[in-house]
Amino acid sequence: MSLYDAAFVNSELSKTTSIFGLKLWVVIGIFVGVVFVLILFLLSLCITASRRRNTPTHKAKLHHRHSELTPVVSKEIQEIVHHDPAPDHRPIVPQAVPEIQIDMGKVEHRVVFSDKMPGASSGESRATSGAETGSIGNSGQLPEVSHLGWGRWYTLRELEAATNCLSDENVIGEGGYGIVYHGILADGTRVAVKNLLNNRGQAEKEFKVEVEAIGRVRHKNLVRLLGYCVEGAYRMLVYEYVDNGTLEQWLHGDVGDISPLTWDIRMTVILGTAKALGYLHEGLEPKVVHRDVKSSNILLDRQWHPKLSDFGLAKLLNAERSYVTTRVMGTFGYVAPEYACTGMLNEKSDIYSFGILIMEIISGRTPVDYSRPQGETNLVEWLKMMVGNRKSEEVVDPKLPEMPCSKALKRVLLVALRCVDPDAQKRPKMGHIIHMLEADDLLVRDERRIGRERESSNSHRDYKQDNQTGPKLARKQYGDGASDTSEGDSSRNHNLPTSWR
Ligand SMILES: Nc1ncnc2c1ncn2[C@@H]1O[C@H](COP(=O)(O)OP(=O)(O)OP(=O)(O)O)[C@@H](O)[C@H]1O
């Protein structure tokens, strides 16, 4: 730009305008300033708006819109929400609560526990039963038959008399939920009285579950619940007395070098337990998941018939539900891995425990044994390894009086391995298991029959004796256990759960 031009621009900018007589350069300056301020204002507006979009409330609104499409609130959270029940009304159970809540029969027959210790006034410490309100707990005034449609209400006095005042001499065992006493009722019936620990948490729940789950079922391989007692702070379950100890005692107790549990007896125990579980899983509606299948919960009678006991952890499972979500409970070594990890429970968890039980019965080993060398600590892993290495014969309990035939052993081991399949869906159902075990039973009996026939013809040839005596004796020896448990022909009808009764 030349000097002439600069002087010209200068003179032009210095000219006075019509806007308040301001000079041109002042007007231009003001205009530029306003535009700048406007740009700044707009920028600040944009920044504020974008910040607001990121605030929690806005996110929450978006989340809410999202949650209308997919359920994001977990059931577990709903489970721990407690609704305080209004007095004299049933507790409100939210629809989605996964743990089954069990009321004892109709509302008017509901049993109410008191915190008061025995000896408190009967009005305060009693179980109520609708129309019977106030009468239960007043010793001597009790109805004989309970209003649940089964069993009996026993008075505390009756049970104290039966158990020598719950004396130490009558204690026959102690479990996680209470002490078990031997008792003899006034009519001479021998009973086992389980005095539940007085904590209002699990023990009360256990009481209700046991009463509801076991009270109605009848099966020769399930310990029969005869009735119960609710008086003051006492909650007791009265069972039939099973007089030959537990399977755990016979398997792992001090029985000497030769176990009295022969192969036949062991098979009887396995098959009987399978039938009890088959009945619970497939013969009842809602089905019952036992949740604590293990050797110490299998009681034996004098003929070695097994009776599954301890329904304290049992869960009811309606047909429309494939599982219930629940606190993981059970016994270390027997709990199915998927249940341990997720708390999702169904009958397949019992099948897993049953598989462990079979392994325990065959091998005489406990599910987990830290006294064994590495690689043998975990029964399942060890057994899988042995079977995989074609050493099935070596897993058999060394205390077994006689080795089983190879076919029978392999078949029962196969059943056990299928039961502990890590994929719960692949585990067989109890009905199928019974079928497989009975096939095994028939197989063994067939081989025995052939052996007996051979023996009989030999003895006939050698000694020219009556060939009936030997086989008859042998038949009785082997036949008793099997037929007692399988109830002869009825158990061969594999299609009907009732045939397992
Ligand atoms: N009906 C019964 N007849 C005879 N003895 C029984 C009967 N019920 C239980 N017992 C004895 O009482 C013991 C304790 O039983 P309980 O069911 O309370 O506990 P558990 O099964 O050993 O342990 P947990 O309940 O902690 O799993 C059993 O081991 C058994 O010896």
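Before reading further, recall that the structure is shown in the block above.
For clarity, every value in this text was computed on a predicted model and none was experimentally measured. (Residues numbered from 1 in each chain as written. Predicted model: local features only at pLDDT ≥ 70, side-chain atom pairs only at ≥ 80, totals over all residues. Heavy atoms only, no water.)

Let us look at the overall build of the protein chain. If you tally the helices and strands in the protein chain, you get 14 helices and 12 strands. In the protein chain, which comprises 501 residues, the share counted as buried stands at 41%. Taking the contacts inside the protein chain whose residues are at least 6 apart along the sequence as the reference set, 59% of them involve residues at least 24 apart. Accessible surface computed for the protein chain: about 27,200 Å², of which carbon and sulfur atoms make up 56%. (Helix = DSSP H or I, 4+ residues; strand = E, 2+ residues; numbered from the N terminus. Buried < 20%, exposed > 50% of the residue type's maximum accessible area, 1.4 Å probe, protein only. Contact = heavy atoms within 4.5 Å. Areas by Shrake-Rupley, 256 points an atom, 1.4 Å probe, with all protein chains shown as cover.)

With respect to burial, strand β3 (residues 178–184) is a largely interior element, five of its seven residues being buried. The hairpin formed by strand β2 (residues 171–175) and β3 contains two residues between the paired strands. Strand direction decides the pairing type here: β3 and strand β4 (residues 190–196), joined by seven bridges, are antiparallel. Each residue of the ladder has a partner; that of Val 180, found in β4, is Lys 194. Where β3 folds back on β4, the antiparallel hairpin that results is connected by five residues, among which Gly 188 adopts a positive phi of roughly 95°. (Pairing = 2+ DSSP bridges.)

Moving on to unusual backbone geometry. Note on backbone geometry: most residues besides glycine have negative phi, and most peptide bonds are trans. A cis amide bond, omega 0°, links Glu 285 with the succeeding residue Pro 286. In this structure, Pro 286 sits in the loop between α8 (263–282) and β7 (287–289). With phi around 55°, Cys 165 is a residue other than glycine that occupies positive phi space. Assessed through its relative accessible area of 58%, Cys 165 is described here as exposed.

Our focus in this paragraph is the pairing of β2. Pairing analysis gives four bridges linking β2 to β3, with the strands arranged antiparallel. Following the sheet pairing, Gly 175 is matched in β3 by Gly 178.

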